[in-house]
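Below are the chains, spelled out letter by letter.
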There are 2 protein chains.
Amino acid sequence: RYSSYFVTLRYSSNAATNCHFLFRPPRLAGGLVFKLVFSNSGAYAGGALQREWSAASWQYKIRERNMNPAEWFSEISDELWPGQCFSLKVKSVLHEERSKYQDIKIVQSESHGVVLILDGIIQCTERDEFAYQEQISFLPLCCHPNPQKVLIVGGGDGGVAREVVKHPSVTEVHQVEIDERVVELSKQYLPFMACGFDSPKLRLTIGDGFEYMKQHEGVFDVIITDSSDPIGPAESLFRESYFELAKRALRPNGVICSQGGSFWLDPSHVRSTLDYCRKHFPRVTYGLAAVPSYPTGQIGFFIASLNPETKFAEPCRTFDEKEIDQMGLRYYTTDVHRAAFTLPRFAAKALYE
Amino acid sequence: RYSSYFVTLRYSSNAATNCHFLFRPPRLAGGLVFKLVFSNSGAYAGGALQREWSAASWQYKIRERNMNPAEWFSEISDELWPGQCFSLKVKSVLHEERSKYQDIKIVQSESHGVVLILDGIIQCTERDEFAYQEQISFLPLCCHPNPQKVLIVGGGDGGVAREVVKHPSVTEVHQVEIDERVVELSKQYLPFMACGFDSPKLRLTIGDGFEYMKQHEGVFDVIITDSSDPIGPAESLFRESYFELAKRALRPNGVICSQGGSFWLDPSHVRSTLDYCRKHFPRVTYGLAAVPSYPTGQIGFFIASLNPETKFAEPCRTFDEKEIDQMGLRYYTTDVHRAAFTLPRFAAKALYE
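Here is a short report on the structure shown in this document. (Residues numbered from 1 in each chain as written. Chains lettered and ligands numbered in written order. Predicted model: local features only at pLDDT ≥ 70, side-chain atom pairs only at ≥ 80, totals over all residues. Heavy atoms only, no water.)

Once that is clear, we can look at the nonpolar core. Within the largest apolar cluster, 73 residues are counted, with the highest numbers of intra-cluster contacts made by I223 and F281 of chain A together with V164 and F301 of chain B. Listed in part, the 72 residues of the second largest apolar core include C142 and F312 of chain A together with C277 and A304 of chain B. (Core = buried A, V, L, I, M, F, W, Y, C linked by side-chain atoms within 4.5 Å. Buried < 20%, exposed > 50% of the residue type's maximum accessible area, 1.4 Å probe, protein only.)

A complete count under the given rule lists 40 salt bridges over all chains for this structure. In this structure, E71 of chain A and K89 of chain A form a salt bridge, with 3.9 Å as the shortest nitrogen-oxygen distance. With a gap of 18 residues between them, E71 of chain A in the loop between β5 (58–64) and β6 (72–75) and K89 of chain A in strand β7 (residues 84–98) connect regions that are remote in the sequence. Residue E71 of chain A is classed as partly exposed on the basis of its relative accessible area of 34%. Here R345 of chain A and D325 of chain B are joined by a salt bridge, their closest N and O atoms 2.8 Å apart. One end of the pair, R345 of chain A, is in helix α10 (residues 345–352); the other, D325 of chain B, is in helix α8 (residues 321–327), on a second chain. For R345 of chain A, a relative accessible area of 6% puts it in the buried group. Here the salt bridges do not stand alone but share partners, grouping E129, R162, E163 and K166 of chain A into one network. (Salt bridge = Lys/Arg side-chain N within 4 Å of Asp/Glu carboxyl O. Helix = DSSP H or I, 4+ residues; strand = E, 2+ residues; numbered from the N terminus.)

Judged from the 5 bridges that link them, β7 of chain A and strand β7 (residues 84–98) of chain B form a sheet pairing that is antiparallel. Bridge assignment links Q84 of chain A to a residue of β7 of chain B, and that residue is L88 of chain B. In this sheet, β7 of chain B lies alongside strand β6 (residues 72–75) of chain B in antiparallel orientation, the contact comprising 4 bridges. When the sheet's bridge partners are listed, S74 of chain B is paired in β7 of chain B with S87 of chain B. Sheet topology places β7 of chain B next to strand β8 (residues 103–109) of chain B; 7 bridges connect them, and they run antiparallel. Bridge assignment links S92 of chain B to a residue of β8 of chain B, and that residue is Q108 of chain B. Two successive antiparallel strands, β7 of chain B and β8 of chain B, enclose a turn made up of 4 residues. (Pairing = 2+ DSSP bridges.)

Written as structure tokens, this is what we have:
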């Protein structure tokens, strides 16, 4: 197998020329003559140049393109995204443990700040978590004319709570997270998200979201389910019984929203969950957020309303620039809300036709 | 460093139970007793279970989470996306060579079909290339009331040509690609894209796009630049002189569109290119496509018009379902066009304020 290298060369007579090349050195040792094929900067302006240089007149450093697995965290999943993988370079592992429910790992990455990893899957990175939290919160909240009581199922990192309590009409937020350790570790390592737990509007219960919904009928205006992926502990959240329970826990005209995976990975899975949801709710849709550190760079949300008049793409509640500023939103705007329901044609066909 | 494994265990007395666990085995050898901590399937339905099993009663296979670099292509770039990396599992390398301009590699991937890689950067995958090609073509074409003569700079794989010739008002497409080998290899290995070269509307020139524009003043309605990334051979395409040349090559009210990178990676780079462009065009914007196999999962396009009345988000030319069907579009629709210019708030601020 041919091996390629990145080489940064700086010609000693001209410090300003710092060129990047990709080439195949037959041998690389100081003083040896090697053949170097390179393009002028801006190949459109000139042809390729082929010369022989003495290595002695260059400073060079070489790095193999292979990633050192000791330095990188690679998010491999043969079940969820076979054949593709996203990796982050790790500065240090801040914490790891096996909780009662899952493998928890928190790392300091080189490019994405602090990263929370559950069962080997990236849950959020400090760099782009806001995109996910704002969309999973404000899309359903703004599809309800007056969301006062909100239930969050999961969301142990606190990010969804942080966003939900910002909405001006929300007075009470109940949150049920099964894994206490995620909450405790988020408080320690992800304070930019766990700050959501500090709101006086919030009541946190450690327990099973299914049980909690069973015991609270007709109580909530909006239920947001911030789960991990549909394989593993959160599997049941993607089944029909979940939508049934959620429906019963809602007040009239209530709205639910739950993490819905990416149609780029498996449109048929998204479709079948939408179909479950349609059995219980008169209005059902799938909205989008762009989140670069998630596989495919996009994640979707199942949103359903008990109100047959709901128009998801036209929010009941709109915010002007000043309100958005006051809430400190970095992703969501009323226009972003409207655009979140426009899917590429193949996806719209797979999900709705 | 702690090492984690994926383990698939099947308990011999019950073939239907096929569970996936993540755990840390102190030792793994047939017959040894090891401690196994695992959750029931659907952790929300029950607690965790802790038991000791004899390994002899299980069949198990173990795979390290580390990727074998001989099986994966990893798209590392310390310049363009330091600290993060997308990888594809490779079935076979179909071709590799060093052309006059760049390193060309074509692989058969396990999950994304055939993949074209230039200088170590993924240019397109069979699985999602349509998203890029349709957006870079139809966004500018539909922002022009009557695009007849189109110039494509770059685009050696043929994908943009394939889309541009579909537009009903386009009569002539001129394409200038600098690297003949990309065209030849695409015809051989990427026929689903290179089919664009077969259109009777198309005239292909092998040469320098800058020179070509200099020699063709006031000729084109739309110029589309399908380049590689802003470091390497395509660097000059992101500079001011490019927009000056493109402006001169346009007819009155002409429109240009060029690959514009992702604001998730470097909003200041996108902003400075937009600022170059604003010096020469009265109307300038940045439109989006979701392309999962590109870093961040999104890519943008600089679109500029000489017509000060242009409203990018409201296309001059709209297509109904039947027309979209006839053109075989899988990503673009008139609604997708309208939504492509709504950016997350932080990006809109970075690019436009």
